[in-house]
Amino acid sequence: MVTDIPCGTKGGVMINFGKIEVVNRLHKEFVFETLLNYGVHYDKTWIYDKIHHEINQFCSSHTLQQVYIDVFDQIDEKMKDALQVDCTHYAPGIEIISVRVTKPTIPDSIRRNFEQMEEERTKVLIAIEKQKVAEKEAETMKKMAISEAEKNANVSKILMEQKLLEKDSARRQEEIENAMYLAREKSLADADFYRVIKEAEANRLKLTPEFLQLKFIEAIANNTKIFFGDKIPNMILDQGLLGNFIHEVSRGTAPTAKADI
């Protein structure tokens, strides 16, 4: 462990590292050579004395802001690498396992400034985080509003399509009903026409000479008259003449006759 290491920063501010811990190991195959060359206090030469030099080299090339805040988390590794380079070159049996550097002591006035700066920085970070949260909430609300609008639009679209389907169904039903009505009316008209045709054919088939002669006789029979007096009119009923008369009537060529009663 190395204690009380003063150094000056690039800007000329004097600071002091209260404690630096260095963990090292000497490989057994290099024990005799190392002890022969540097004695039993080999670590004082290549570690504890060397650490003062490396810390001052580091501080002189960095500002107080860098040493105290910006790159302080890198000092441990930088010191370990710097010590290991010289040990590997001059005392290869020494292995630097780890280095731990404590926070340096700085003047109180500067420390208060750093604390104030850190406090302001913390406030800024908090404000940034709050802004991020607010932006995230706004984005979430926006997405929710968009989702709600899309849902309403989809509902409106579905309702509109449903109304269109209902109207189309009603139109088709009306078309079917109209087609059924037309078919029914056409069927009735065809039936009436067929009935009239058949009645006409039946009547035409009935107009035979025998049928007309029968009807004529039935008419005479139904219109018999009884005469009273001294003279009774004479009537000669000739079946042949009557048949000829009926045939001419059926052909529409019978002469008109005037009967004297």
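Scoring rules and cut-offs
One numbering rule holds for all chains: residues counted from 1, following each sequence as written. This being a predicted model, a pLDDT of at least 70 is required before a residue's local features are given, and a value of 80 or more before pairs of side-chain atoms are given or counted; all residues contribute to the totals for chains, interfaces and linings. To obtain the side-chain values, all non-hydrogen atoms of the structure were used and water was disregarded. DSSP bridges decide pairing: two strands pair if at least two such bridges lie between them. Each helix corresponds to a stretch of at least 4 residues labelled H or I by DSSP, and each strand to a stretch of at least 2 residues labelled E; elements are numbered beginning at the N terminus. In what follows, salt bridge is the name for a side-chain nitrogen of Lys or Arg lying within 4 Å of a carboxyl oxygen of Asp or Glu. Throughout this description, buried means an accessible area under 20% of the type-specific maximum (1.4 Å probe, protein chains only), exposed means over 50%, and partly exposed covers the range between. Only buried residues count toward a nonpolar core. Its members are Ala, Val, Leu, Ile, Met, Phe, Trp, Tyr and Cys residues joined through side-chain atoms within 4.5 Å. Note on contacts: a residue pair qualifies if any of its non-hydrogen atoms lie within 4.5 Å across the two residues.

Trainee: Tell me what's going on with the pairing of strand β2 (residues 14-26), and back it up with residues and numbers.
Mentor: Judged from the 6 bridges that link them, strand β1 (residues 2-8) and β2 form a sheet pairing that is antiparallel. Paired with Pro 6 across the strands is Asn 16, a residue of β2. Between β1 and β2, which pair antiparallel one after the other, the connecting turn spans 5 residues, and Gly 12 there sits at a positive phi close to 90 degrees. When β2 meets strand β3 (residues 94-101), the two strands line up antiparallel, connected through 7 bridges. The partner of Glu 21 across the bridge, within β3, is Arg 100.

Trainee: Now, about the pattern of salt bridges: what can you tell me, with residues and values included?
Mentor: Using the criterion set out here, one finds 17 salt bridges in the structure. The residue Lys 123 makes a salt bridge to Glu 119 at a minimum N-O spacing of 3.9 Å. Here Lys 123 pairs with Glu 119, and both are found in helix α5 (residues 108-206), just 4 residues apart, close to one helical turn. The exposure class of Lys 123 is partly exposed, given its relative accessible area of 46%. For Glu 119, a relative accessible area of 45% gives the class partly exposed. In this structure, Glu 201 and Lys 198 form a salt bridge, with 3.7 Å as the shortest nitrogen-oxygen distance. With a gap of 3 residues between them, Glu 201 and Lys 198 both fall in helix α5, about one helical turn apart. A relative accessible area of 37% means that Lys 198 is categorised as partly exposed. When salt bridges with common partners are traced through the structure, they connect Asp 168, Arg 171, Arg 172 and Glu 175 into a single cluster.

Trainee: How would you sum up the nonpolar core? Please name residues and give values.
Mentor: Generally speaking, soluble globular proteins have nonpolar side chains that are buried together. Phe 17, Ile 20, Ile 55, Ile 75 and Ile 94 are the most contacted members of the largest nonpolar core, which totals 31 residues. Of all the elements in the fold, those that place two or more residues in this core are β1, β2, α2 (42-60), α3 (64-70), α4 (75-90) and β3. If you tally residues by element for this core, the top one is α2, at 7 residues. Apart from residues lying up to four places away in sequence, Phe 17 is in contact with Thr 3, Asp 4, Ile 5, Cys 7, Ile 55, Cys 59, Val 67, Ile 75, Val 101, Thr 102 and Pro 104.

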